[in-house]
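Remarks on the overall topology
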Amino acid sequence: EVSVEDLLGREPVQLEHERIRETIAGLCVMVTGAAGSIGSELCRQLVQFKPKCLVAFDQGESELFRLELELAESPDSVRICPVIGDIQDYERVEEVIREFGVNSVYHAAAYKHVPMMENNLIEAVNNNVIGLYNVVCAATRNGVGSFVMISSDKAVNPTNIMGLTKRVAELVVSAKPSAYQACATRFVSVRFGNVLGSNGSVVPIFKAQIANGGPVTITHPEMRRYFMTIPEAVQLVLQASTMGKGSEVFVLDMGEPVRILDLARNMIRLSGHEPDVDIPIRFVGLRPGEKLFEELSAASDQIRPTCHEKIMIFCGPSLQQDTIQRWIAELQRLLTQRNDLEVLAHMMRIVPEYQPSGKWNSILTTGETKARAAVGA
């Protein structure tokens, strides 16, 4: 059995458990997307810090049921409350936050698979932007103390729809209240690299391919990614909830990016085989929206240290809440028309650094050509 710690290429980062405990013990915490890879690990670790109540919110009934059974075996006397709901349903989100008197929200609910979201733009925006905005509004209106949104390094200079939605989500979460707006909630975002062993990540895919005798498929020989373990990712979320004053984007120092080809060869060797001899490796080409290299910050971001040597704050441009509210209202109107191109153009107005690839680059280029032709006519 290959351990993900063997593949990390560095020592796992240890965070400050006592400081985290002080902000969770005795309170009601809610995790959206609780049945997913990150959400379920959040729930497992939150239980250790003795909250009064853990609200596990997800639309996946079967996975949520399995999580409830697992958490029920925990020796800790924590009230576990599995709740079925969809973040795209504002009334349901607010009803749950109000009913349980939620003190902290950990927002892990999102569509994350890059190639799939390239072909499902409307659904990606409805879930990752409008769904996120629903939870933000419900938290604000019900006096939730802290709100942590899980973002992605794909939000930096995004080249895909998933990364674009996550950058918009960061802007929504970091929006500054206007002078006349009172808000008791501290909102922060946490950028992840790739999480080793999460659903749909390369490790379980490679494991299955190795078990079947190969080939192990890699998109490109120079593809590199920042990696972290699931416990590291979750502890970063919990740590950020203790450190944020509001509107920050936190990032863990994940060392140097790992070449996916090296990761695959290590996994093959750790499984008792020889790469390219026992198990072949095949290159299949970049998938839609993928970069060769991910970035942790944009050129416009200012980097600030924190009290933890392995955690940094990136301070990029932020918007006023009034601006976000008007922009969201227009986005909702466009979404009801289900016009992909208009929705994408609207998203690009607040994320001008988005560089479309694949079909979206072709569609936008064609649209600009037609617009210039119409003006010329």
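In every chain, residue numbers begin from 1 and rise along the written sequence. Residue-level local features of this predicted model are given only where pLDDT is at least 70; pairs of side-chain atoms are given and counted only at 80 or more, and the full residue set underlies all totals for whole chains, interfaces and linings. Processing note: side-chain calculations cover all non-hydrogen atoms of the structure and skip hydrogens and water entirely.

1. Some points on the environment of Thr159
Tracing the backbone shows Thr159 in the loop between strand E5 (146-152) and helix H8 (161-173). Along the chain, Thr159 and Gln355 lie 196 residues apart, while their C-alpha atoms are 4.8 Å from each other. Whether two residues are in contact is decided by their heavy atoms: any pair within 4.5 Å suffices. Ignoring anything within four residues of it in the chain, the contact list for Thr159 reads Gly289, Glu290, Lys291, Tyr354, Gln355, Pro356 and Ser357. Numbering goes from the N terminus for both helices and strands, where a helix is a DSSP run of H or I of at least four residues and a strand is a run of E of at least two.

2. A word on the packing of helix H9 (residues 202-211) against helix H11 (residues 260-270)
A pair of packed helices is characterised by two quantities: the angle between their axes and the separation of those axes. Interhelical geometry of H9 versus H11 gives an angle of 45 degrees and a closest axis separation of 10 Å. Here H11 runs oblique to H9, going by the angle between their axes. With respect to the hand of their crossing, H9 and H11 are arranged in right-handed fashion. Residues Val202, Val203, Phe206, Lys207 and Ile210 of H9 lie in contact with H11, whose contacting residues are Ile260, Leu263, Ala264, Met267 and Ile268. The axes used here are C-alpha line fits, helices contributing only the stretch in contact, and every angle between their N-to-C directions lies in the interval 0 to 180 degrees. The cut-offs work like this: below 35 degrees is roughly parallel, past 145 is roughly antiparallel, 65 to 115 is roughly perpendicular, and the gaps in between are oblique. Definitions for this section: a left-handed crossing has its near helix turned counterclockwise from the far helix by less than a right angle. A right-handed crossing has that turn clockwise.

3. Quick look at helix H5 (residues 90-100)
Since one α-helical turn is 3.6 residues long, residues separated by three or four positions face the same way. For H5, the complete set of buried residues consists of Tyr90, Val93, Glu94, Val96, Ile97 and Phe100. What you see down the axis of H5 is that its buried residues fit within an arc of 160 degrees, all on one side. Along H5, exposed side chains directed more than 90 degrees from the buried face belong to Glu91, Arg98 and Glu99. Among the structural elements, strand E1 (28-32), strand E2 (53-58), strand E3 (79-84), strand E4 (104-107) and helix H7 (121-141) are those in contact with the buried residues of H5. Count one or two residues on from H5 and you reach Gly101, which has phi positive near 60 degrees. For every residue, the accessible area obtained with a 1.4 Å probe (protein chains only) is divided by the maximum for its type, and the residue is called buried under 20%, exposed over 50%, and partly exposed between those limits. To obtain the arc, one takes the directions from the helix axis to the C-beta atoms.

4. Thoughts on the packing of aromatic side chains
What counts as a ring pair is set by centres within 6.5 Å for rings of Phe, Tyr and Trp (its six-membered ring), and what kind of pair is set by the plane angle: stacked under 30 degrees, edge-to-face over 60, tilted for all other angles. Taken as a whole and judged by the stated rule, the model has 1 aromatic pair. Consider the rings of Phe147 and Phe187, whose centres lie 5.1 Å apart with planes at 50 degrees: the pair is tilted. Note that Phe147 is positioned in strand E5 and Phe187 in strand E6 (residues 186-192), a separation of 40 residues in sequence. By the burial criterion, Phe147 is buried, and Phe187 matches it.

5. So, the pairing of strand E14 (residues 302-305)
At least two DSSP bridges between two strands are required for those strands to pair. For E14 and strand E15 (residues 311-315), the ladder comprises 4 bridges, and the chain directions are antiparallel. Of the residues in E15, the one forming a bridge with Arg304 is Ile313. A loop of 5 residues connects E14 with E15, the two strands running antiparallel in sequence.

6. Regarding the confidence of the model for the chain
Low-confidence regions, as indicated by low pLDDT, have predicted coordinates that should not be scrutinised in detail. For every residue, the predictor states its confidence as a pLDDT score lying anywhere from 0 to 100. Counting all residues, the mean pLDDT for the chain is 87, and 89% of those residues have values of 70 or more. Low pLDDT, under 50, characterises residues 371-377; the stretch is placed with 0 contacts to residues that sit more than four places away or in other chains.

7. Points about the pairing of strand E11 (residues 249-252)
Both faces of E11 are covered, namely the face carrying Val249 and Val251 and the face carrying Phe250 and Leu252. Relative to E11, E6 is paired through 3 bridges, and the arrangement is parallel. The residue of E11 that forms the bridge with Ser189 is Val249. Pairing geometry for E11 and E15, over 4 bridges, is antiparallel. Counted as the bridge partner of Leu252 is Ile311 from E15.

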